[in-house]
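Architecture at a glance
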Amino acid sequence: MSIRLGYQMPNFSNTSSIRELFPTVVAQAREAEAAGFDAAFVMDHFYQLPLIGPPDAPMLEAYSALSALALATDRIQLSALVTGNTYRNPALLAKTVTTLDVVSGGRAALGIGAGWFELEHQQYGFEFGTFTERFERLEEALQIITPMLRGQRPTFDGTWYRTESAINEPRVRDDLPILLGGAGEKKTFALAARFADHLNIICNASELPRKVAVLHQRCEEADRDPATLETSFLAFVIADEDGDRARKIQSDMMAQVGIDVAALSEAERRESVVDRQFVGTPDDVAAQIKDRVLDQGIDGVIVNMVANGHEPGVVEAVGRALLPLVK
């Protein structure tokens, strides 16, 4: 697996009717594929996230959507960014992502994390537990899922999960990749060093130098060459051929959550969600990502374009600008 350039679709509130929703998702995935993106992602959430919209905004179930995208695309890899471990039994998740791999002809990746959105757990009836418990559960889950993806039949008896010679057939390969997502320097990075092919780091861009240094330390502790663990950064992109329009979109979006972008000091920018945003023309965005992400030791970038990624041509323009930086 190599994901140097990915496209995430977290926003489904950009059509005039629900019947137009999924055709718009398909169009974005196809445009990303044609533009040379390595992977297309959806979120594994049941409610919309607070900084994007209200909880009752449209949100698709991840694996149903990905399976449909498998039949609408030809080459692009498909994954959740990232699956909440708390939402599924791990053996069932191994079966689910392996089925996606079969349906897509070997294009699935398992993106997974510990889970964090408490409101979904509360209202859907999933056990949330403590921060420590969620990572204990993720570690146990990976000990079940990893061998099942490799064609083994694990027997496992843990605190949270158990299996008995669990079978996972059919499979099209024994190397379906595992992607961990998160920012936790102690737990997430340590699990990535042990289990993952790829780590997607979700944090403010100004934190990346420290994150890279800590990740190398976790790899050393796991006796792993950090060069064998591919990394990417989740970037929130607001791009338009008219850079002033892109900056106006950013200003309006942030004003809705009480942030005056123009009034932020440089220190305040580094501490706010604005530090995860890359704004301007596609070429402006590419220059910012090179400077703030790739030059900090990160291998690739996964972008979302919440504001206007659904507009025809926007994904292609951003991909055209970014592709030379990562290929």
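Everything numeric here is computed off the predicted structure, so don't read it as measured data.

A few words now on the overall build of the protein. The helix and strand inventory of the protein stands at eleven helices and twelve strands. Against the globule reference of 20 Å for 327 residues, the protein gives a C-alpha radius of gyration of 19 Å, in line with a compact fold. With respect to the three principal axes, the spread of C-alpha positions in the protein is 60 × 45 × 40 Å. Relative to its full complement of 327 residues, the protein shows a buried share of 54%.

This part takes up the nonpolar core. Ranked by size, the top nonpolar core spans 88 residues in total, and within it Val 237, Ile 289 and Val 303 carry the most contacts. When residues in this core are grouped by element, the largest group, eight residues, is from helix 5 (residues 131-149). Excluding its chain neighbours within four sequence positions, the residues that come into contact with Val 237 are Phe 278, Val 285, Ile 289, Val 303, Asn 304, Met 305, Val 306 and Val 318. Of all hydrophobic cores here, the second largest spans eight residues; its members include Ala 39, Phe 41, Leu 179 and Ile 302.

This part takes up the packing of aromatic side chains. A complete count under the given rule lists ten aromatic pairs for this structure. Where Phe 46 meets Phe 126, the ring centres are 6.0 Å apart and the plane angle is 20°; that geometry is what we call stacked. Pair noted here: Phe 46 is in the loop between strand 2 (39-42) and helix 2 (62-72) and Phe 126 is in the loop between helix 4 (118-124) and helix 5, with a separation of 80 residues, a long-range link. Phe 46 sits in the buried class, given a relative accessible area of 16%.

All right, on to the pairing of strand 12 (residues 300-304) then. Here strand 12 lies mainly inside the structure; five of its five residues are buried. Of the two faces of strand 12, both are covered, the one formed by Gly 300, Ile 302 and Asn 304 as well as the one formed by Val 301 and Val 303. For strand 1 (residues 5-9) and strand 12, the ladder comprises four bridges, and the chain directions are parallel. Each bridged residue has a counterpart across the sheet, and for Leu 5 the counterpart in strand 12 is Val 301. Judged from the five bridges that link them, strand 10 (residues 230-239) and strand 12 form a sheet pairing that is parallel. Along strand 12, the bridge assignment pairs Leu 234 with Ile 302.

Turning our attention to the layout of surface pockets. Quantified by volume, the largest pocket comes out at close to 890 Å³. Ranked by residues supplied to the lining of the largest pocket, first place goes to strand 10 with four residues. Class assignment of the residues belonging to the lining of the largest pocket gives a composition of 25 nonpolar, twelve polar and four charged. In this model, the second largest pocket occupies a volume close to 340 Å³.

Let's shift gears to empty space enclosed by the protein. A full pass over the atoms with the stated rule returns one cavity of 30 Å³ or more. If you trace the largest cavity, you find 13 residues lining it, with Tyr 7, Asn 11, Asn 14, Gln 28 and Met 305 closest to the centre. Breaking the lining of the largest cavity down by element, the ones donating at least two residues are strand 1 and helix 1 (21-35). The element contributing the most residues to the lining of the largest cavity is strand 1, with three residues. Its residues placed into classes, the lining of the largest cavity shows seven nonpolar, six polar and no charged.

With that settled, the discussion passes to the UniProt feature "domain: Luciferase-like" (unreviewed entry) in the protein. What UniProt calls "domain: Luciferase-like" (unreviewed entry) maps, in this numbering, to residues 22-291. The annotated region residues 22-291 carries 44% helix and 15% strand content, and the separation between its end C-alpha atoms amounts to 35 Å.

Before going further, it helps to examine the pairing of strand 8 (residues 178-182). For strand 8, the buried fraction is high: five of the five residues fall into the buried class. As paired elements, strand 5 (residues 110-113) and strand 8 share three bridges and run parallel to each other. Considered in strand 8, the bridge of Gly 111 is made with Leu 179. Note: strand 8 against strand 9 (residues 198-201), four bridges, orientation parallel. Opposite Gly 181, over in strand 9, you have Asn 200 as the bridge partner.

What follows concerns the side chain of Arg 224. Here Arg 224 is to be found in the loop between helix 7 (208-221) and strand 10. Buried charge Arg 224 goes without a salt bridge, the closest partner of opposite sign being Asp 197 at 5.3 Å. Beyond its immediate stretch of four places on either side in the chain, Arg 224 contacts Ala 192, Ala 193, Ala 196, Asp 197, Cys 219 and Leu 229.

Looking at the element boundaries, Phe 156 is found in strand 6 (residues 156-157). Since its relative accessible area comes to 16%, Phe 156 is described here as buried. Setting aside residues up to four positions removed in sequence, Phe 156 forms contacts with Glu 140, Gln 143, Ile 144, Tyr 161, Arg 162 and Thr 163.

Rules of the game
Residues numbered from 1 in each chain as written. Predicted model: local features only at pLDDT ≥ 70, side-chain atom pairs only at ≥ 80, totals over all residues. Heavy atoms only, no water. Helix = DSSP H or I, 4+ residues; strand = E, 2+ residues; numbered from the N terminus. Rg over C-alpha atoms; globule rule 2.2 N^0.38 Å. Buried < 20%, exposed > 50% of the residue type's maximum accessible area, 1.4 Å probe, protein only. Core = buried A, V, L, I, M, F, W, Y, C linked by side-chain atoms within 4.5 Å. Contact = heavy atoms within 4.5 Å. Phe/Tyr/Trp six-rings, centres within 6.5 Å; stacked < 30°, edge-to-face > 60°. Pairing = 2+ DSSP bridges. 1 Å grid on protein atoms, 1.4 Å probe; cavity = no way out; pocket = protein on both sides within 12 Å on 5 of 7 lines; lining within 4 Å. Points joined across faces, edges and corners; volume = space filled by probe spheres on them. Nonpolar A, V, L, I, M, F, W, Y, C, P; charged D, E, K, R; others polar. UniProt positions renumbered as here; feature names shortened; annotations may be inferred. Lys, Arg positive; Asp, Glu negative; His and termini not counted. Salt bridge = Lys/Arg side-chain N within 4 Å of Asp/Glu carboxyl O.

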